[in-house]
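The lines below spell out each chain.
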Amino acid sequence: MESKKKFQTNAIHGTYKSEQHFGSLTPPLFQTSTFVFDTAEQGEHRFLGEEPGMIYSRLGNPTVQLLEERLALLESGEKALAFGSGMAAVSAVLLHYVKEGSHIICSRGIYGCTYGLLKWLQEKFRITFDLSDLDSEEEIRSKITNKTVCIFLETPINPTMKIISLKTVTKVAKEQGIPVVVDNTFCSPYLQRPLEQGCDIVLHSATKYIGGHGDVVGGIIVGSEEVMNNIASHVRKDIGGIMSPFDAWLLIRGLKTLHVRMDRHCENAEKIASRLQKNEKVDKVIYPSLFEGKNAEIVKEQMTKSGGVISFTVRGGKEQAQKLLNHVSLLKVAVSLGDTETLIQHPASMTHAIVPKEEREKMGIVDNLIRLSVGLEDWEDIWGDLENALNQI
Ligand SMILES: *Cc1c(COP(=O)(O)O)cnc(C)c1O
């Protein structure tokens, strides 16, 4: 029944039954670490998995579970798992797939800490990884080895906003039986649903658009029941990077306005992107709705709108980029994205400082690149502040 409702309705009502909670309109917050068993036998049966029910909040909590069920519904997946951060979600997925000697194919351009994690796994467990543009079937095939355990990608890529065709990647991956994992943080399930395109796992830093108010750090993964159960009973249970009930409660609230916020993020970003394009201090603006040719087709095929993040290069180098940041006032100089506030950052020295300069430049993270997460303020106020700062450099 529920899955037949539209996205917006599911984001507000999906998988919650108020009649089971004293009629509480808002889902209750179960701020508890453990759960009481009626009898010794009940405890035994729950531990054996023979009887459903809660045991201990690291293994499951009703508030966290509601968020998971709702996100599984919104991403068109069978099951979701929540984590204490986006990186806890990324590491859970990678640790699920890898063993010593495994190989991973990764989009060239990836969240800085995901890159850092891969490097660390490489040193510690001798896994290997290849960064790839993933832009043609031949290119993807050429990277696959008999040790390849997954293809891990972002689209649009943070922070360069490059686009990867999910159709092309899943076509090759399916032929070879390799799972595809998509970090969907930049789109949220409202703009892009990779599982519907044949990908195997979708993950989010819920810190960003899902929370939307800059007050939670969290992560989520969605996929098949089989893989999620495996991750829940091994990586999540034993490594323990769980989400707190209160954070899940805030994220359930965030989801209720996701579609409204995303529409406005996109609307504001469209306007700012077109202004930036006309500004003489700006060299290049990268924003999906401005793409042409093949990339425009990919955007049309897999995204409903262009999102709230714009990247652009200023004329000059690092000095001019930092000068711009030092001259904004309404805009806040901060990493993170997807908040109500417009945030501006310098990837080469901030989010992607961990990536060696040579690799960074191959990813397109040049020293004069700026990432702008367009917020929900009045767009003319956002532009006014940005234009003023551009005039100063
Ligand atoms: C922020 C972010 C992450 C990491 O999420 P945290 O919640 O900060 O741990 C991963 N991927 C992308 C694309 C992100 O923007």
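Refer to the structure above for everything that follows.
Here the structure is a predicted model, which is why all the values come from computation and not from measurement.

Student: Give a detailed account of the site of the ligand, specifying residues and quantitative values.
Tutor: The local shell around the ligand holds 15 residues, among which Met87, Asp183, Ser205, Thr207 and Lys208 are the closest. Taking Asp183, its side chain carries an N or O atom lying 2.6 Å from a nitrogen atom of the ligand. Here the shell around the ligand is built from residues that sort into five nonpolar, seven polar and three charged.

Student: So what's going on with empty space enclosed by the protein? Which residues, and what values?
Tutor: Taken as a whole and assessed by the stated rule, the structure comprises one cavity of 30 Å³ or more. Looking at the largest cavity, its volume works out to about 40 Å³. Forming the boundary of the largest cavity are Pro156, Met161, Phe186, Cys187, Leu191, Tyr209, Met303, Ser306, Gly307, Gly308 and Val309. Across the lining of the largest cavity, the residue classes break down as eight nonpolar, three polar and no charged. A domain-level breakdown of the lining of the largest cavity finds at least three residues from each of domain 1 (7–255) and domain 2 (259–390).

Student: Describe the side chain of Arg46, with residues and values.
Tutor: With respect to the helices, strands and loops of the structure, Arg46 is situated in helix 2 (residues 40–48). Take Arg46: its relative accessible area is 15%, and that puts it in the buried class. Within polar-contact distance, the side chain of Arg46 engages the backbone oxygen of Met54 at 3.0 Å. Residues contacting Arg46, with those up to four places away along its chain left out, are Phe37, Glu51, Pro52, Gly53, Met54 and Ile55.

Student: Describe the layout of surface pockets, with residues and values.
Tutor: Taken as a whole, the largest pocket spans an internal volume of roughly 850 Å³. For the largest pocket, the lining is made up of 33 residues, of which Leu59, Gly60, Gln65, Lys79 and Arg236 are closest to its centre. Elements represented by at least two residues in the lining of the largest pocket include exactly helix 2, helix 3 (62–74), strand 1 (79–83) and helix 9 (225–239). In terms of residue class, the lining of the largest pocket is built from 14 nonpolar, nine polar and 10 charged.

Student: Give me the environment of Ala232: which residues, what numbers.
Tutor: Along the chain, Ala232 falls in helix 9. Dropping the residues within four chain positions of it, Ala232 is found in contact with Leu81 and Lys237.

Student: So, the sheet that holds strand 1: which residues are in play, and what are the values?
Tutor: Where strands meet in a sheet, backbone hydrogen bonds hold them as pairs that are either parallel or antiparallel. If you walk across this open sheet you meet the seven strands as 1-7-6-5-4-2-3, and the pairing is mixed. Strands at the two margins of the open sheet, each flanked by one partner only, are strand 1 and strand 3 (128–132). Between one strand and the next, the sheet's axes are offset by a mean angle of 20 degrees, whatever the strand orientation. Seen against the sheet, helix 4 (residues 86–97) touches strand 1, strand 2 (103–107), strand 4 (148–154), strand 5 (180–183), strand 6 (201–205) and strand 7 (219–223) and runs at an angle of roughly 155 degrees to strand 6.

What counts and how
Residues numbered from 1 in each chain as written. Predicted model: local features only at pLDDT ≥ 70, side-chain atom pairs only at ≥ 80, totals over all residues. Heavy atoms only, no water. Near = heavy atom within 4 Å. Polar contact = N/O pair within 3.5 Å; in protein donor to acceptor, adjacent residues only side chain to side chain. Nonpolar A, V, L, I, M, F, W, Y, C, P; charged D, E, K, R; others polar. 1 Å grid on protein atoms, 1.4 Å probe; cavity = no way out; pocket = protein on both sides within 12 Å on 5 of 7 lines; lining within 4 Å. Points joined across faces, edges and corners; volume = space filled by probe spheres on them. Domains from an automatic or database assignment. Helix = DSSP H or I, 4+ residues; strand = E, 2+ residues; numbered from the N terminus. Buried < 20%, exposed > 50% of the residue type's maximum accessible area, 1.4 Å probe, protein only. Contact = heavy atoms within 4.5 Å. Pairing = 2+ DSSP bridges. Axes fitted to C-alpha atoms, helices over the stretch in contact; angles between N-to-C directions.

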